[in-house]
Amino acid sequence: MMKKRYLMAPGPTPVPPNVRLAMAEPLIHHRSPQFSSVFAEVQNGLQYLFQTQNEVLTFAASGTGAMDGAVSNLLSVGDKVLVVRGGKFGERWAEICEAYGLNVENIDLTWGEAVDPDAIAEKLSTKPDIRAIFVQAHETSTGVKHDVKKIGQIVKDFEDTILIVDAISALGVFDVKTDDWHLDVVVSGSQKGLMLPPGLAFVSISPKAWEFADRSDLPKYYFNFLKERKSLVKNQTAFTSPVSLVMGLREVLKMIKAEGLDFYFFRHRLLAKATRAAAKAMGLDTFAKVPSEGVTVFRAPDGIDAQEVVRIVREKYGITIAGGQARLKGKIFRIAHMGYIGPFDIILTVSAVEMALKELGHALELGAGVKAVQEVVLKEWKEL
Ligand SMILES: Cc1ncc(COP(=O)(O)O)c(C=O)c1O
């Protein structure tokens, strides 16, 4: 039997119909003038999206590829680095740095908490040989936003230290002002705020970070920033471009530019607020101390396995939400509101979650969460 399916997880997110059509166009060759013209347009759009004058490199990879490349291209053998470990993706930064044999120091947070920028300032003042700070703009596993603006203010005064930000689930979702906030390196991917299938990874690199790339001596081959920079001058990538995804990206960037970043951010902010209101109305606590606009993380009520909520919502009602990762498995579930998502996607997801919770024995009045979403949307929604 046909089941209508919905993607409400923090990546991959739904792809708009016009973007799917753009990706279905006949292939063009990646060394052709037609492709270079598309890629030039995309480069422009990426700079708008990243709010930067820096070069933005594009790779055929998932976001982790760009994280890997950022480490291998910007650091050197034995360098000391500082990693904010506040969730699964903070752990990933540390794992990649360890894989390259770097001297890794971590700031370990209780999951659900945001890093205190002063803790970074303190580390840097006692250990000025720290070459890079690694952090998430949005730690998707906990739903927490880290204050990368404040961290940028701190790191910019250290001449020989760069700030490397994972904005994989932040870019296009909320403000990430690469240049104004002194974010030397910003990494992202295609399958979240950018409304594309997985497969594209991006890195923006500041002039200060390019100096690090010039002297980096870690082993590297596919992810080679200097090589990509040379190709970028010709509006090409060093290796075969993921042509169809780039065609889709051009369409996405056109949409975002037409509506303006502020409108995108407003929409995400409102959906996040409505989803948090639903949590409260359903008698559930949210997990993140500083919640992001991209995902709302619900604590499962006592005695209820969050994985069961996720399973029922997916198997019975066709809606994919996300469970908890690693140590949070069974304890939380996550509803994403990033990318091509509107208020009615939230309403139907919340209604399915209510039914699943009721089935599992949580005392709630059906419709309470839905009503809370409706009230926020009724009051604050606006169209362009
Ligand atoms: C904050 C963050 N970092 C890194 C990743 C990993 O990206 P990918 O799965 O595209 O390699 C994700 C995706 O889930 C993420 O949300």
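Procedures and definitions
- Residues numbered from 1 in each chain as written.
- Predicted model: local features only at pLDDT ≥ 70, side-chain atom pairs only at ≥ 80, totals over all residues.
- Core = buried A, V, L, I, M, F, W, Y, C linked by C-beta atoms within 7 Å.
- Buried ≥ 20, exposed ≤ 12 C-beta atoms within 10 Å, placed from the backbone.
- Helix = DSSP H or I, 4+ residues; strand = E, 2+ residues; numbered from the N terminus.
- Domains from an automatic or database assignment.
- Contact = placed C-beta atoms within 7 Å.
- Nonpolar A, V, L, I, M, F, W, Y, C, P; charged D, E, K, R; others polar.
- Pairing = 2+ DSSP bridges.
- Axes fitted to C-alpha atoms, helices over the stretch in contact; angles between N-to-C directions.
- Arc of directions from axis to C-beta.

This next bit is on the nonpolar core. Ranked by internal contacts, the top residues of the largest apolar core, which has 121 residues, are Leu74, Ile133, Ile164, Val165, Val185 and Val187. In terms of residues, this core owes the most to one element, helix H10 (residues 261-281), which gives 8 residues. For this core, the domains that each give at least three residues are domain 1 (17-259) and domain 2 (260-380). Each residue touching isoleucine 164, except ones within four places of it in the same chain, is listed here: Ala70, Leu74, Ala132, Ile133, Phe134, Asp184 and Val185.

Under the domain assignment used here, the protein chain contains domain 1 (17-259) and domain 2 (260-380). Distance from the C-alpha centre of domain 1 to the C-alpha centre of domain 2: 28 Å. Contacts between domain 1 and domain 2 engage 24 residues on the former and 25 residues on the latter. Of all elements in the fold, only strand E7 (144-145) and helix H9 (243-259) reach the threshold of two or more residues within the side of domain 1 that touches domain 2. Residues belonging to the side of domain 1 that touches domain 2 are distributed by class as follows: 9 nonpolar, 9 polar and 6 charged.

Within a sheet, adjacent strands bond to each other through the backbone by hydrogen bonds, running parallel or antiparallel. Pairing is mixed across the open sheet formed by 7 strands, whose spatial order is E2-E10-E9-E8-E5-E3-E4. Each edge of the sheet is formed by a strand with only one pairing partner; in this case those strands are strand E2 (55-60) and strand E4 (103-108). Recorded for the sheet is a direction-independent mean angle of 20° between the axes of neighbouring strands. Bridge count between E2 and strand E10 (residues 200-205): 6 bridges; the pairing is antiparallel. Bridge pairing in E10 places alanine 60 opposite leucine 200. Along the sheet, helix H5 (residues 117-126) makes contact with strand E3 (80-85), E4 and strand E5 (130-136), crossing E5 at roughly 165°. The strands touched by helix H8 (residues 225-233) are E2 and E10; relative to E2, the strand with the most contacts, the crossing angle is about 105°.

Since the α-helix packs 3.6 residues into each turn, any two residues three or four apart lie on the same face. Within the sequence span of helix H11 (residues 306-315), burial applies to Ala306, Val309, Val310, Val313 and Arg314. Buried residues of H11, seen end-on, are gathered within an arc of 120° and therefore sit on one face of the element. Buried residues along H11 sit in contact with strand E12 (319-320), strand E13 (322-323), strand E14 (332-336) and helix H12 (343-359).

Let us look at the environment of alanine 336. Secondary-structure assignment places alanine 336 in strand E14. The residues touching alanine 336, leaving out its near neighbours within four places in the chain, are Met8, Ala9, Pro10, Thr13, Gly294, Val295 and Ala322.

A few words now on unusual backbone geometry. Across the junction of glycine 11 and proline 12, the peptide omega takes the value -5°, indicating a cis bond. If you trace the backbone, proline 12 turns up in the loop between strand E1 (6-7) and helix H1 (17-23). Of note in the backbone geometry, histidine 182 takes a positive phi value of approximately 60° without being a glycine. Inspection of the secondary structure puts histidine 182 in the loop between strand E8 (162-166) and strand E9 (185-189).

One open sheet holds the 3 strands; their spatial order is E11-E14-E13, and the pairing between them is antiparallel. Here the strands that pair on one side only, and so sit at the sheet edges, are strand E11 (295-299) and E13. Where E13 and E14 come together, 2 bridges link them in antiparallel fashion. If you follow glycine 323 over to E14, its bridge partner there is phenylalanine 333. H10 contacts E11 and E14 of the sheet and is inclined by roughly 10° relative to E11.

When helix H6 (residues 148-155) is considered as a whole, its buried residues turn out to be Val148, Ile151, Gly152, Ile154 and Val155. Angular distribution of buried residues about the axis of H6 spans 160°; they occupy a single face of the element. Structurally, H6 contributes buried residues whose contacts are with H5, E5 and E8.

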